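Here's the letter readout for the chains.
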Amino acid sequence: MVTVTLIRHGQIEGNIHKAYAGGRTDQLLTEEGRRQSAALRLPDVDRVFISPMTRCRQTAEIVFPDMEYEVIEDFREMDFGIFEGKAVAELEDCREYRAWVDSMCEDKIPGGESNGEFTERVTRAFEEVLARCSDGDRIALVVHGGTVMAIMGAYNDEGLHGFDYNLGNCAYYVCECPAEGKPVMHRVGGIEPRGHFPSGPDDDME
């Protein structure tokens, strides 16, 4: 088995304002985000993989100060297209936004990605990382809420939807996954899934 710890980055300004900060919006950790990262206590890991976004780099450098990390480009957050940088309150009267929400956030976002495209990108990258692991390896992924949901939604053994695995900042899941064959994520630690459809960007992605 490979032990996989999936960690969401610390707080950014977008989280405070409930704004969509996706794969094209690069923000720094807030002071609270740095505090959250410094307070995080995790199981020991052998290797660290991160999203290329600055918030994930900063979180990894605080949480794993003595470890090198590898950047995985396709672990970046969903591309929210025309919603990038906008708060939910700004989008309430946007026809395209209402249509996307009504589709349970599955449709393609104008100028961005669909949930299917995003999930395919993330899970392909995740399987490539796992293929480089050996039985007994302990790895950590410092990524985004959406990235965690894509992985857990695709591979969990609990029969849950990806949205059930939405995380707060610096929250995490610890899972065991076979070193070979199709990934199956079995939770063995971290928080309990919150189990609800996200109501806005602070609850789901970025």
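The sections below set out a description of the structure shown in this document. Treat the numbers as computed from the prediction; the structure is a model and nothing was measured. (Residues numbered from 1 in each chain as written. Predicted model: local features only at pLDDT ≥ 70, side-chain atom pairs only at ≥ 80, totals over all residues. Heavy atoms only, no water.)

It is worth spelling out the packing of helix α2 (residues 31-39) against helix α3 (residues 54-63) at this point. Following both chains from N to C, one finds α2 and α3 inclined at 40°, their axes separated by 8 Å at the closest point. Between α2 and α3, the interaxial angle falls into the category oblique. Once α2 is placed against α3, the crossing between them reads as right-handed. Side by side, α2 and α3 meet where Arg34, Ser37 and Ala38 of the first sit next to Gln58, Thr59, Ile62 and Val63 of the second. Per-class residue counts for the contact of α2 with α3 are three nonpolar, three polar and one charged. (Axes fitted to C-alpha atoms, helices over the stretch in contact; angles between N-to-C directions. Helix = DSSP H or I, 4+ residues; strand = E, 2+ residues; numbered from the N terminus. Parallel < 35°, antiparallel > 145°, perpendicular 65-115°, else oblique. Left-handed = near helix turned anticlockwise from the far one by under 90°. Contact = heavy atoms within 4.5 Å. Nonpolar A, V, L, I, M, F, W, Y, C, P; charged D, E, K, R; others polar.)

The next subject is unusual backbone geometry. Residues other than glycine seldom take positive phi values, yet Lys18 does so here, at roughly 50°. Mapped onto the elements of the fold, Lys18 is located in the loop between α1 (13-16) and α2. Within the chain, Cys170 stands out as a residue other than glycine whose phi angle is a positive 60°. Following the sequence through the fold, Cys170 ends up in the loop between α7 (145-155) and β5 (172-177). Cys170 gets classed as buried once you look at its relative accessible area, which sits at 7%. (Buried < 20%, exposed > 50% of the residue type's maximum accessible area, 1.4 Å probe, protein only.)

Now for the side chain of Asn169. Here Asn169 is to be found in the loop between α7 and β5. The buried category is assigned to Asn169, whose relative accessible area is 19%. A polar side-chain atom of Asn169 sits 3.2 Å from the main-chain carbonyl oxygen of His9. (Polar contact = N/O pair within 3.5 Å; in protein donor to acceptor, adjacent residues only side chain to side chain.)

Our focus in this paragraph is the packing of aromatic side chains. Within this structure, the stated rule accounts for 10 aromatic pairs. Judged by centre distance (6.3 Å) and plane angle (75°), the ring pair of Phe80 and Trp100 falls under edge-to-face. Highlighted residues: Phe80 in the loop between β3 (69-71) and α4 (88-91) and Trp100 in helix α5 (residues 95-102), separated in sequence by 20 residues. Accessibility assignment for this pair places Phe80 and Trp100 in one class, buried. Given a relative accessible area of 2%, Trp100 falls into the buried group. (Phe/Tyr/Trp six-rings, centres within 6.5 Å; stacked < 30°, edge-to-face > 60°.)

This part is about the sheet that holds strand β6 (residues 186-190). Spatial strand order, β3-β2-β4-β1-β5-β6: six strands in an open sheet with mixed pairing. Each edge of the open sheet carries a strand with a single partner, namely β3 and β6. Neighbour to neighbour, the strand axes of the sheet diverge by 25° on average, direction disregarded. Strand direction decides the pairing type here: strand β2 (residues 47-50) and β3, joined by three bridges, are parallel. The residue of β3 that forms the bridge with Ile50 is Val71. (Pairing = 2+ DSSP bridges.)

Core analysis: the biggest nonpolar cluster contains 41 residues, and Val4, Phe75, Phe83, Trp100, Phe126, Leu141 and Met185 have the highest contact counts within it. Those elements that place two or more of their residues in this core are β1 (2-8), α4, α5, α6 (115-131), β4 (138-143), α7 and β5. Apart from residues no more than four positions distant in its own chain, Leu141 is found in contact with Val4, Thr5, Leu6, Ile7, Phe49, Phe75, Phe126 and Ile151. (Core = buried A, V, L, I, M, F, W, Y, C linked by side-chain atoms within 4.5 Å.)

Its location among the elements puts Phe126 in helix α6. Classification of Phe126 as buried rests on a relative accessible area of 0%. Spatially, the C-alpha atom of Phe126 lies 8.0 Å from that of Phe75, the residues being 51 residues apart in sequence.

Every α-helical turn comprises 3.6 residues, leaving residues that sit three or four positions apart pointing alike. Among the 11 residues that make up α7, nine are buried, leaving the element largely enclosed by the rest of the structure. Along α7, the residues classified as buried are Gly145, Gly146, Thr147, Val148, Met149, Ala150, Ile151, Met152 and Tyr155. Of the surrounding secondary structure, the elements contacted by the buried residues of α7 are β1, α6, β4, β5 and β6.

Attention now moves to the pairing of β4. Most of β4 is tucked away, with five of its six residues classed as buried. Pairing between β1 and β4: six bridges, direction parallel. Among the inter-strand pairings, Leu6 is bridged to a residue of β4, identified as Leu141. Taken together, the four bridges between β2 and β4 define a ladder with parallel strand orientation. Paired with Arg47 across the strands is Ile139, a residue of β4.

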